[in-house]
Every structure is written in C-alpha cells, then in structure tokens.
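Coordinate analysis (summary)
The primary structure of each chain is shown beneath.
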Amino acid sequence: MFAIDSFSRFRKAIMRLGFRSSFVWVLLAVVAAQQSAGAQGRNDDRNPRPSRNSRPLRADDAEMRLDTTVAVDKGTIVDLSATDGRIIVRGWDRNEVEIHAVSASGELQFSRTARSLRLEARRSGRSNTLDATMTIRVPLNTRVVVGTMLGNVEVLDVHGEVDATLQSGDVIIRGASGRTAVSNVSGSINVSDVDGALRVNAITGKIKLSDVRGDIEVVSSSGDVELRDLPGNSVQIQVIQGDITYEGALSRSGKYEFNTHSGAVHLFLPDSTKGTINMQSFSGLLHSSFPVTLLPGAGTARALTGSVRQLNGRALSLNQQQRVEIGGGNGAQVTISTFNGDVHINRGPRRQ
C-alpha cells in the first residue's frame, strides 16, 4: 500500500463518520491532493532530485528548442515539469530518452544524473507567459514523474510507474504498470490499461477509469466518476458531489465501495453476475432490472414474511440499510452509500 500512514488514519476516521458532514469530505479531498503533491516533491530514493549541474536554456521573447537523444541505464527516472504547457510521453523499445521540447517564451532547464533525467519548462524573469510543449520517448518500464501548473499531460504505453500531479489541466494515462498515482486540482482524468494499483485524488473534474488490474482508491470533491472493467480485489470510490457509474463484470473475490454524498450510483452488470450488495441512503431509492433477493436482518423498515423477499421491479427505499443478493450471492461484495441519490442496478451494457 502506498498511502501515507497519517493520511490513512485520518481517512479511516472520516469514513467512520459516514455522511454527517460535507465539510469533512471536502477536507478529505483537499488533504489527499496535498499529500499526493507533497509526496512527488519529496527527495527520497524513488524520486531523487538531479544535481545542480543543470543546463538552463534561456529565451528573450524568442522561441527556444531542445532536441536531443540521451542513452540511459535501466531504472533511470524521467522527471518532467512545466509551468504552462503540454507534456506528451510515450514508451519505446530503446535504451534512450528522446526529447523534443519547445518554449515559445520561457526557459528550458535540462539536467541528468546517474539515476535520473530531468527537464523543466518555466517562465523566465523577463516573461509573464510560457507556452511549452514537450514530446518525450522513454524506454519501456521507465518510471515517469510528470507535472504541470497549467497544461495537459499524456503518458502512453510506458509500461512503468507513473506519478502525475496537475494544478489545472487534463491528464490521460494509458498502458502503465506498477504503482500509478494521479493528483489533479481542476481537470479531467482518464486512466486505462494499467497493470497495478491506482490512486486518484481530485478536487473538480470528471474521472474515467477502465481496465485497471489492481487495487483502486479514488477521492474526489466534485465531478462524475465513470468506471469500466475493474477486476481488482479492492475498489474504493469516494465522491462528495457527482454520480458514480460502473459498467462490466465484478471480480468474484472483489470488494467494491461506491460512496457519494450528492449523486446517484449506476451499475451495469452482466446477466451472470453473482454477489451481495449492501446499500443505504438518506433520501434515495433502489431501482433494479435484476431479479434481486432482499435479505432480512439489515435494518429494513418493514417486516418480512419469510427469509427472503423478491422486489419484482419495485423501487425500494434506502433510508435504512438494505442488503440484496444477485444471482444467488456468493460472489462480489458491493457496498453503496449515498446521502441524496438513487441506486440503479441494470442488466447488460450501458446504452450510449
């Protein structure tokens, strides 16, 4: 697990409070984003800072370019940052880092050590604007650390760990492996085809995750979350304001937690789904196109005539905890909590 101990204890304490206060949820999301940003800047063995022997390339209201190819050893960390600009990183099967960088008005600073390679685009003292573009090729299995203050990021098919931190901009990550972490204050997040654990901290913006084969933890303040085909053993989604949509099969041994304070939860599941769903909402209803079985003993508001009861398509109030089985149970364990929002369990894929 890569959560910081102090933050982990804080998060668990907040989760025990449920949805009694929106303020603590906002605080949770902000702390999460700050922790992720702070972790990136920490000078540890996984993310060493380059030496001070760096080469600044300065511009006086003129375009500045850097085009170079550098041979690197296995395990070299590539660290890229821009005050204002676009960063595109792709993997390839060479033991070289290829750099094409241009700054319309600013400074490019390049440095390297035995363990890291760093490129930074930032404003010069004479310029109030910076429009930089970096296009980078890295060896497969390279760890990439990338960040922008204002600008978009794409990290594609590197097959290594990715750590992305943005203040304002969109981020796309595809084809990573190992630990992947994304922190974004404002902008969309799109992550797919990841073979490993994923952590996402966001303040505002839409989040889309698909085909992530590892444990997932998402904390977001505002924005819809769309999920597809997440076969990991642990999926935890926490949103203050926004809908949560999951489409695809559930892992038989998986534990899924979908929590939103203000928003609905939509599940689009195959006919063969087996599992148990625990649900509760302050002012929401359950709508199911599955022939689910309502189990007793979970705080239901009315007495049950037998050990089970079929809903037969009727909406069920969730103002007290309810527990249902799909396909006879004995599968995935799903927990859903909303304060103001319905739960929809749908058969088959989502209709676009």
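Parameters at a glance
- Residues numbered from 1 in each chain as written.
- Predicted model: local features only at pLDDT ≥ 70, side-chain atom pairs only at ≥ 80, totals over all residues.
- Heavy atoms only, no water.
- Core = buried A, V, L, I, M, F, W, Y, C linked by side-chain atoms within 4.5 Å.
- Buried < 20%, exposed > 50% of the residue type's maximum accessible area, 1.4 Å probe, protein only.
- Helix = DSSP H or I, 4+ residues; strand = E, 2+ residues; numbered from the N terminus.
- Contact = heavy atoms within 4.5 Å.
- Phe/Tyr/Trp six-rings, centres within 6.5 Å; stacked < 30°, edge-to-face > 60°.
- Lys NZ or Arg CZ within 6 Å of the ring centre and 35° of its normal.
- pLDDT = per-residue confidence, 0-100.
- Salt bridge = Lys/Arg side-chain N within 4 Å of Asp/Glu carboxyl O.
- Pairing = 2+ DSSP bridges.
- Polar contact = N/O pair within 3.5 Å; in protein donor to acceptor, adjacent residues only side chain to side chain.

Core analysis: the largest hydrophobic core is formed by 73 residues, its most contacted members being I237 and F258. Looking at this core element by element, the count peaks at five residues for strand β3 (residues 77–92). F258 has contacts with L227, V235, I237, I244, Y246, V265, L267, V334, T335, I336 and S337, leaving out every residue within four places of it along the chain.

Our focus in this paragraph is unusual backbone geometry. A positive phi angle, near 75 degrees, is found at N141, a position not held by glycine. For N141, the location among the structural elements is in the loop between β7 (132–139) and β8 (144–150). For N141, a relative accessible area of 59% gives the class exposed. Although it is not a glycine, D211 sits at a positive phi angle of roughly 55 degrees. Relative accessible area serves as the criterion here: at 31%, D211 is assigned to the partly exposed category.

Moving on, we get to the packing of aromatic side chains. Two measures describe an aromatic ring pair: the distance that separates the ring centres and the angle between the ring planes. In this structure the tally under the stated criterion is four aromatic pairs. Ring centres 6.3 Å apart and planes at 40 degrees place the aromatic pair Y256 and F258 in the tilted group. An aromatic cluster is built from Y246, Y256 and F258, whose rings are joined through pairwise contacts. The ring of F290 carries the charged tip of R347 above its face, separated from the ring centre by 5.5 Å.

Moving on, we get to the confidence of the model for the protein chain. On average, the protein chain scores 82 in pLDDT, and the residues at 70 or more come to 75%. Note on residues 57–61: pLDDT under 50 across the span, and 14 contacts to partners over four residues away in sequence or across chains. Every residue in residues 299–310 is under pLDDT 50, and counting partners more than four places away or in other chains gives 26 contacts.

One pass over the structure, following the stated rule, counts 13 salt bridges. In this structure, E161 engages R143 in a salt bridge whose closest nitrogen and oxygen atoms are separated by 3.4 Å. Of this pair, E161 sits in the loop between β9 (153–156) and β10 (162–168) while R143 sits in the loop between β7 and β8; the two residues are 18 residues apart in sequence, bridging distant segments of the chain. A residue is classified by how much of its surface remains accessible, and R143, at 13% relative accessible area, is buried. The residue K206 makes a salt bridge to E226 at a minimum N-O spacing of 3.0 Å. Of the two residues, K206 is situated in the loop between β14 (198–204) and β15 (207–212) and E226 in strand β17 (residues 225–228); the sequence distance between them amounts to 20 residues.

The next thing to look at is the pairing of strand β22 (residues 275–281). Counting buried residues in β22 gives six out of seven residues, a clear majority hidden from the surface. Across five bridges, β22 lies against strand β27 (residues 322–326) in antiparallel orientation. Counterpart to N278 in the pairing with β27 is R323. Bridge count between β22 and strand β28 (residues 332–340): seven bridges; the pairing is parallel.

Following the sequence through the fold, S288 ends up in strand β23 (residues 285–288). Here the side chain of S288 touches F290 through a polar contact of 3.1 Å, landing on its backbone nitrogen.

This next bit is on the environment of L108. You can see L108 is positioned in strand β5 (residues 107–112). Given a relative accessible area of 0%, L108 falls into the buried group. Distance from L108 to A82, taken between C-alpha atoms, is 9.1 Å for residues 26 residues apart in sequence.

Glancing now at the environment of G169. Take G169: it is sitting in the loop between β10 and β11 (171–177). Residue class for G169 comes out buried when judged on its relative accessible area of 9%. Along the primary structure G169 and N152 are separated by 17 residues, whereas in three dimensions their C-alpha atoms are 4.8 Å apart. Beyond its immediate sequence surroundings of up to four residues, G169 is in contact with G151, N152, N184, S186, G187 and S188.

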